[in-house]
Amino acid sequence: VPRRVAMIAKKAMELQPEKRFQTQGEMLVELRLALKQLKDGNLDREDADDNGEVVAPQGPPKSVMVVESNPQMQDTFRSRLKKEGYRVLVMRDPSLAMRRIESEPSVADCVVFSCIDLGSEGVDAFNRFGKLAATKNTPAILLLGKKQKEWEEHAESSDSRIILTMPVSIRQLRAAINKILKK
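First, a word on what this report is: a plain description of the structure on this page. These numbers come from a predicted model, not from an experiment.

## As for the pairing of strand β2 (residues 87-91)
Pairing of strand β1 (residues 63-67) with β2 involves five bridges; the strand directions are parallel. Across the sheet, residue M65 finds its bridge partner in β2, namely L89. Between the parallel pair β1 and β2, the chain is carried across by helix α3 (residues 71-83), and the sense of this crossover is right-handed.

## Concerning the sheet that holds β2
A sheet is described by the order of its strands in space; here five strands give the open sequence β2-β1-β3-β4-β5, paired in parallel fashion. Each edge of the open sheet is held by one strand with a lone partner, namely β2 and β5 (161-165). Sheet twist, expressed as the mean angle between neighbouring strand axes with direction ignored, is 20°. Pairing between strand β4 (residues 140-144) and β5: five bridges, direction parallel. Paired with L142 across the strands is I163, a residue of β5. Across the sheet, helix α6 (residues 120-131) lies against β3 (110-114), β4 and β5, angled at about 165° from β4, the strand it touches most.

Cut-offs applied
- Residues numbered from 1 in each chain as written.
- Predicted model: local features only at pLDDT ≥ 70, side-chain atom pairs only at ≥ 80, totals over all residues.
- Heavy atoms only, no water.
- Pairing = 2+ DSSP bridges.
- Helix = DSSP H or I, 4+ residues; strand = E, 2+ residues; numbered from the N terminus.
- Right-handed = clockwise from strand over helix to strand, strands pointing away.
- Axes fitted to C-alpha atoms, helices over the stretch in contact; angles between N-to-C directions.
- Contact = heavy atoms within 4.5 Å.

Structure follows, in structure tokens:
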């Protein structure tokens, strides 16, 4: 039995509920990905980006919180990141997102702050997120629009807190998420 299939079966039968698939859709995504890889003949190979770095999520699905105020972009982030195997939580308001994070720091393995529509409020939330004792080590990504490039100097970045300027493809975002999750 290929390793990927065995991992899916093990996760489906996990005794601890929080480690099992949380929805049928989540399991279906994993099964479809395994089927596609089996048909392609690379079931035990990992997905890699253009530099040859592994970009496929490993182990249990990682949770990504996306802070985005535009409903169309929320849907895009949600559907595309779910398709990539992530659990996705979308918040439209940075202050609500920060309250959620403060009350439950483990709600997400990575947080994406999209400032394209949020404006400077998103940069402020990104900086506050990096200062909270409970979340300062949680990876975060700040997405800036083309016209917001000057805000980069106000954002406090580090190895696990990176800044990306649009246009950014989902593949590039996925690679960035996986890169900072490994640190």
